[in-house]
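Architecture at a glance
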Amino acid sequence: MGMLDGLLGQLGENVDVANLATKVGLSQDQVETAMTALGQAHGAPGDTVATAAESTGLSGDVLQQIVTHIGGEGSLGRFADLLGSGGGEGGGLSSLAGLASGFLGGTKS
């Protein structure tokens, strides 16, 4: 969870995975999966929350709560940018996507 907490901390909000999980009633693993999906969906066409809901199986209402808790769409955009700026092949997004894939039962391509 350290990498995700570090990225969330860069948003300027006092947000961490454990605190966010408590606020929205999910496990820390589910929040990490949700944040990764939201970050990926942010740059995709269509509704960010609906796209993330489809890929995670979490409700759109819960995902919208997460977006609100991190500071709204603007903060989500910054988070998505930070995920992609981790360096290497695919940056931090690639690392978190692989981790989230394990939680979702998929495989990293």
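One structure accompanies this document, and this report is about it.

Attention now moves to the overall build of the protein chain. Looking only at helices and strands, the protein chain features seven helices and zero strands. Helices (α) and strands (β) of the protein chain occur, in sequence order from the N terminus, as α-α-α-α-α-α-α. Here the protein chain holds 109 residues, and the buried ones make up 41% of them. In the protein chain, once contacts between residues fewer than 6 apart in sequence are set aside, the share between residues at least 24 apart is 58%. In the form shown here, the protein chain has an accessible surface area of approximately 5300 Å², with 49% of it arising from carbon and sulfur atoms.

One finds Val 31, Met 35, Leu 38, Leu 63 and Ile 66 to be the most contacted residues of the largest nonpolar core, which totals 23 residues. Of all the secondary structure elements, the ones that give two or more residues to this core are helix H2 (17-24), helix H3 (28-42), helix H4 (48-56), helix H5 (60-70) and helix H6 (73-84). If one sorts the elements of this core by residue count, H3 sits on top with six residues.

The next subject is the packing of H2 against H5. At their nearest, the axes of H2 and H5 sit 10 Å apart, and the two run at 135° to each other. Overall, the two elements H2 and H5 adopt an arrangement that is oblique. Classified by chirality, the crossing of H5 by H2 is right-handed. Contacts between H2 and H5 involve Leu 20, Lys 23 and Val 24 from the first element and Val 62, Gln 65, Ile 66, His 69 and Ile 70 from the second. Among the residues forming the contact of H2 with H5, the class breakdown is five nonpolar, two polar and one charged.

What follows covers the packing of H3 against H4. Each packed pair of helices is defined by two parameters, the angle between the axes and the distance between the axes. In the contact formed by H3 and H4, the axes pass within 8 Å of each other and the chain directions differ by 130°. By the angle class used here, H3 and H4 are oblique. Considering how the two elements wind past one another, H3 and H4 form a crossing that is right-handed. Contacts between H3 and H4 involve Thr 33, Ala 34, Ala 37, Leu 38, Ala 41 and His 42 from the former and Thr 48, Val 49, Thr 51, Ala 52, Ser 55 and Thr 56 from the latter. Residue composition of the contact of H3 with H4, grouped by class: six nonpolar, six polar and no charged.

With that out of the way, let us pick up H4. Buried residues of H4: Thr 48, Val 49, Ala 52, Ala 53 and Thr 56, and no others. End-on, the buried residues of H4 take up no more than an arc of 130°, which puts them together on one face. Between a side-chain oxygen at the N-terminus of H4 and the backbone nitrogen of Val 49 the separation is 3.3 Å; the capping residue is Asp 47. Gly 57 occupies a position one or two residues after H4 and carries a positive phi of about 80°.

A word on H6. Here H6 spans 17 Å end to end across 12 residues, near enough to the 16 Å set by a 1.5 Å rise per residue. Looking only at H6, the buried set comprises Ser 75, Leu 76, Gly 77, Phe 79, Ala 80, Leu 82 and Leu 83.

The rules behind each value
- Residues numbered from 1 in each chain as written.
- Predicted model: local features only at pLDDT ≥ 70, side-chain atom pairs only at ≥ 80, totals over all residues.
- Heavy atoms only, no water.
- Helix = DSSP H or I, 4+ residues; strand = E, 2+ residues; numbered from the N terminus.
- Buried < 20%, exposed > 50% of the residue type's maximum accessible area, 1.4 Å probe, protein only.
- Contact = heavy atoms within 4.5 Å.
- Areas by Shrake-Rupley, 256 points an atom, 1.4 Å probe, with all protein chains shown as cover.
- Core = buried A, V, L, I, M, F, W, Y, C linked by side-chain atoms within 4.5 Å.
- Axes fitted to C-alpha atoms, helices over the stretch in contact; angles between N-to-C directions.
- Parallel < 35°, antiparallel > 145°, perpendicular 65-115°, else oblique.
- Left-handed = near helix turned anticlockwise from the far one by under 90°.
- Nonpolar A, V, L, I, M, F, W, Y, C, P; charged D, E, K, R; others polar.
- Arc of directions from axis to C-beta.
- Polar contact = N/O pair within 3.5 Å; in protein donor to acceptor, adjacent residues only side chain to side chain.
- Expected span 1.5 Å × (residues − 1).

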